[in-house]
Amino acid sequence: MNKSIIIVQGYLAAGKSTFALTLARELGIPYFVKDTFKTAICQSITIDSREVSSCFSAVTFDAMMYAAERLMEAGIPFIIEGNFLPAGIKKTDEAGVIRSLIERYGCRSLTFKFAGDIKVLYERFVAREGSPERGKANTMFTTPTIAEFETFCRNMDGFDIGGEIVEIDTTDFEKVDFKKYIKAAQTFIKQ
């Protein structure tokens, strides 16, 4: 049994999903990316407002945690990715739920916290929101101001579930040594 979980968490448009997918392929372990999980859950549903989208974001988190718990029970290492929030921001204390599962099943955790320059991430976010790949399930329906975007990102700063934490600044992807972080994850999984 290998009771290990890797969490890829952080700011919007910081490259979390791409890193989680790459990491899962390199490690050969299952992964759950919140946006693609939400898209899968919502294939047969029309999402036509931010309110409906937010409801399904909560449903997606619950479904991800159900799947995560099954993997923890089986002792299978895995990756979860998302813009998970600490207590006081949403109805659900996402950090608390993840921490509770980790403690219940005696898992080890490694968290990669993605952040960067807000202006750069905002530009990426706006460009991404307009792309067809984003889909209705994951759109915000209106473009937030840069101040709203910054507030949302900074709300994630308080995410802490214990365990090992690695902070990654993805303001400039060219300057990030992703191979180093993949190697750190490989070492973590093998321990």
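Residues numbered from 1 in each chain as written. Predicted model: local features only at pLDDT ≥ 70, side-chain atom pairs only at ≥ 80, totals over all residues. Heavy atoms only, no water.

Caption draft 1: How the structure looks around the confidence of the model for the protein. When pLDDT is averaged across the protein, the result is 91; 94% of the residues are at 70 or more. For the protein, helix H2 (residues 34–41) is the element with the lowest average pLDDT, namely 85, and strand E4 (residues 108–115) is the one with the highest, namely 98. (pLDDT = per-residue confidence, 0-100. Helix = DSSP H or I, 4+ residues; strand = E, 2+ residues; numbered from the N terminus.)

Caption draft 2: Layout of the sheet that holds strand E5 (residues 164–169). In spatial order, the strands read E2-E3-E1-E4-E5; together these five strands make up an open sheet with parallel pairing. Edge strands, defined here as strands with exactly one partner in the open sheet, are strand E2 (31–33) and E5. Adjacent strand axes in the sheet meet at a mean angle of 15°, parallel and antiparallel pairs treated alike. The pairing of strand E1 (residues 4–10) with strand E3 (residues 78–82) spans five bridges and is parallel. Paired with Ile 5 across the strands is Phe 78, a residue of E3. (Pairing = 2+ DSSP bridges. Axes fitted to C-alpha atoms, helices over the stretch in contact; angles between N-to-C directions.)

Caption draft 3: Representation of the nonpolar core in the model. Of all hydrophobic cores here, the largest spans 33 residues; its most connected members are Ile 6, Phe 19, Leu 23, Leu 27, Ile 79, Phe 112 and Phe 149. Every element with two or more residues in this core is listed here: E1, helix H1 (16–27), E4, helix H5 (118–129), helix H6 (146–155), E5 and helix H7 (178–190). Those residues within four positions of Phe 112 in sequence are excluded, and the remaining contacts are Ile 6, Ile 7, Val 8, Gln 9, Phe 19, Leu 23, Val 166, Ile 168, Tyr 181 and Ala 185. Counting 22 residues, the second largest nonpolar core, distinct from the first, contains Ala 67, Phe 78, Phe 84 and Ile 102. (Core = buried A, V, L, I, M, F, W, Y, C linked by side-chain atoms within 4.5 Å. Buried < 20%, exposed > 50% of the residue type's maximum accessible area, 1.4 Å probe, protein only. Contact = heavy atoms within 4.5 Å.)

Caption draft 4: Structural context of the packing of helix H3 (residues 50–74) against helix H4 (residues 94–105). Between H3 and H4, whose axes approach to 10 Å, the crossing angle comes to 15°. Classified by the angle between their axes, H3 and H4 sit roughly parallel to one another. For the pair H3 and H4, the crossing hand works out as right-handed. Residues Phe 61, Met 65, Glu 69, Arg 70, Met 72 and Glu 73 of H3 pack against Glu 94, Val 97, Ile 98, Leu 101, Ile 102, Arg 104 and Tyr 105 of H4. (Parallel < 35°, antiparallel > 145°, perpendicular 65-115°, else oblique. Left-handed = near helix turned anticlockwise from the far one by under 90°.)

Caption draft 5: The side chain of Glu 94, seen in detail. Tracing the sequence through the fold places Glu 94 in helix H4. Residue Glu 94 is classed as buried on the basis of its relative accessible area, which comes to 2%. Of the polar contacts made by the side chain of Glu 94, one reaches the side chain of Lys 90; its length is 3.2 Å. (Polar contact = N/O pair within 3.5 Å; in protein donor to acceptor, adjacent residues only side chain to side chain.)

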